[in-house]
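# Observations on the three-dimensional arrangement
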Amino acid sequence: MEKLTELLEKNRDWAEKINQEDPHFFETLAQQQAPEYLWIGCSDSRVPANEIVGMLPGELFVHRNVANVVVHTDMNCLSVVQYAVEVLKVKHIMVVGHYGCGGVAASIESAPHGLIDNWLRNIRRVFQKHRQFLSTWDHSHQQLDRLCELNVIEQSVNLCETTIVQQAWANGQELNVHGWIYGLSDGLVNDLEFNASTADEVEEQYQLAMNKMRKLQELAKASDKSQQNARTLWDKVKSIFN
Ligand code: ZN
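Report on the accompanying structure. (Residues numbered from 1 in each chain as written. Predicted model: local features only at pLDDT ≥ 70, side-chain atom pairs only at ≥ 80, totals over all residues. Heavy atoms only, no water.)

The next point concerns the side chain of glutamine 142. As for its position among the elements, glutamine 142 is in helix α8 (residues 140-160). When residues no more than four places from it in sequence are discounted, the contact partners of glutamine 142 are Trp137 and Gln228. (Helix = DSSP H or I, 4+ residues; strand = E, 2+ residues; numbered from the N terminus. Contact = heavy atoms within 4.5 Å.)

Listed below in structure tokens is the structure:
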């Protein structure tokens, strides 16, 4: 049987490097974890949660699945959220999508992919809900960018509507839900500015996020091709709204 010797060696090197920097690191970490953040992201290997935000083990609680979906029947995701909110008492939950997401792209393909289509149906519903808005974008890559963004916003709302988050807010617990999207091509996180801290803010934040999406579209129509990438457009939208 082939052993993964190289990976095990890399593990030894990594542990040694951390030990050199802080001899008590693992000892302290083994006693407890007290992260302030829960990251709900895509399983894609190019979107490593801790590295992207420069966080060490112990600082970020993480749940990842294909295309960062939050559905109310997923016991795995809900259990992570419950533990993070009720036991760890995280203050922030980030739902983090990424541009060029293969899961999001597959959700709107007509060809069947087998079992995973049951999961991707959750994103296809997002597509169907926003079909008219998406159809007004000229290029398929722009439509995919927007669907990746819309998926983050919709999944953030789903998260806010879980009994766990609703209960935490009803109890007066500090808990903020954020919608982010990561760019594979530049390594930067784009804050989609869906930020809800109370149950009352969810609808307002959703409408605000959708208004920004519509503004993005106006700007894309008005600008030339070289200025149509997601980052440039979002920077302009933010300068208008903030
Ligand atoms: Zn993905």
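Following the structure, the description resumes.
With that settled, the discussion passes to the sheet that holds strand β1 (residues 37-42). Read across the open sheet, the 5 strands follow the order β2-β1-β3-β4-β5; overall the sheet is mixed. Pairing within the sheet leaves two strands with one partner each, and these edge strands are β2 (60-65) and β5 (189-196). Between one strand and the next, the sheet's axes are offset by a mean angle of 20°, whatever the strand orientation. Where β1 and β2 come together, 6 bridges link them in parallel fashion. In the sheet register, tryptophan 39 faces β2, and the bridge partner there is valine 62. (Pairing = 2+ DSSP bridges. Axes fitted to C-alpha atoms, helices over the stretch in contact; angles between N-to-C directions.)

The next thing to look at is the packing of aromatic side chains. One pass over the full model with this rule turns up 4 aromatic pairs. Measuring from centroid to centroid gives 5.6 Å for tryptophan 14 and phenylalanine 26, while their planes differ by 65°, and the two rings are edge-to-face. Linking tryptophan 14 in helix α1 (residues 5-21) with phenylalanine 26 in helix α2 (residues 25-31), this pair joins segments that are 12 residues apart in sequence. We classify phenylalanine 26 as partly exposed; its relative accessible area is 28%. Look at phenylalanine 25 and phenylalanine 26: their rings are 5.2 Å apart centre to centre, the planes differ by 90°, and that puts the pair in the edge-to-face class. (Phe/Tyr/Trp six-rings, centres within 6.5 Å; stacked < 30°, edge-to-face > 60°. Buried < 20%, exposed > 50% of the residue type's maximum accessible area, 1.4 Å probe, protein only.)

Core analysis: the biggest nonpolar cluster contains 60 residues, and Leu38, Val81, Ile93, Leu159 and Phe194 have the highest contact counts within it. A total of 9 residues in this core trace back to one element, the largest contributor, which is α8. Counting 9 residues, the second largest nonpolar core, distinct from the first, contains Trp39, Ile52, Leu60 and Val96. (Core = buried A, V, L, I, M, F, W, Y, C linked by side-chain atoms within 4.5 Å.)

When you line up the elements, alanine 34 lands in the loop between α2 and β1. Expressed as a C-alpha distance, the spacing of alanine 34 and valine 90, which sit 56 residues apart in the sequence, is 8.1 Å.

On to helix α10 (residues 201-222). Spanning 22 residues, α10 covers 31 Å between terminal C-alpha atoms, matching the ideal 32 Å at 1.5 Å per step. Among the residues of α10, Val202, Gln205, Tyr206, Ala209, Met210, Lys212, Met213, Leu216, Gln217, Leu219 and Ala220 are the ones counted as buried. Elements in contact with the buried residues of α10: α6 (116-129), α7 (131-135), α8, α9 (163-170), β5 and α11 (230-241). (Expected span 1.5 Å × (residues − 1).)

This part is about the environment of arginine 46. The topology assignment puts arginine 46 in the loop between β1 and α3 (49-52). Judged by its relative accessible area of 46%, arginine 46 falls in the partly exposed class. Residues arginine 46 and glycine 187, spaced 141 residues apart in sequence, show a C-alpha to C-alpha distance of 9.6 Å. Within the structure, arginine 46 has its side chain in polar contact with the side chain of aspartate 44 (distance 2.7 Å). (Polar contact = N/O pair within 3.5 Å; in protein donor to acceptor, adjacent residues only side chain to side chain.)

On to the pattern of salt bridges. A complete count under the given rule lists 9 salt bridges for this structure. Salt-bridge contacts for lysine 17 lead to glutamate 21; the nearest nitrogen and oxygen are separated by 3.9 Å. Of the two residues, lysine 17 and glutamate 21 both sit in helix α1, 4 residues apart, roughly one turn of that helix. Assessed through its relative accessible area of 51%, lysine 17 is described here as exposed. Of the charged contacts, one joins arginine 46 and aspartate 44 as a salt bridge, the two residues approaching to 2.7 Å between their closest N and O atoms. (Salt bridge = Lys/Arg side-chain N within 4 Å of Asp/Glu carboxyl O.)

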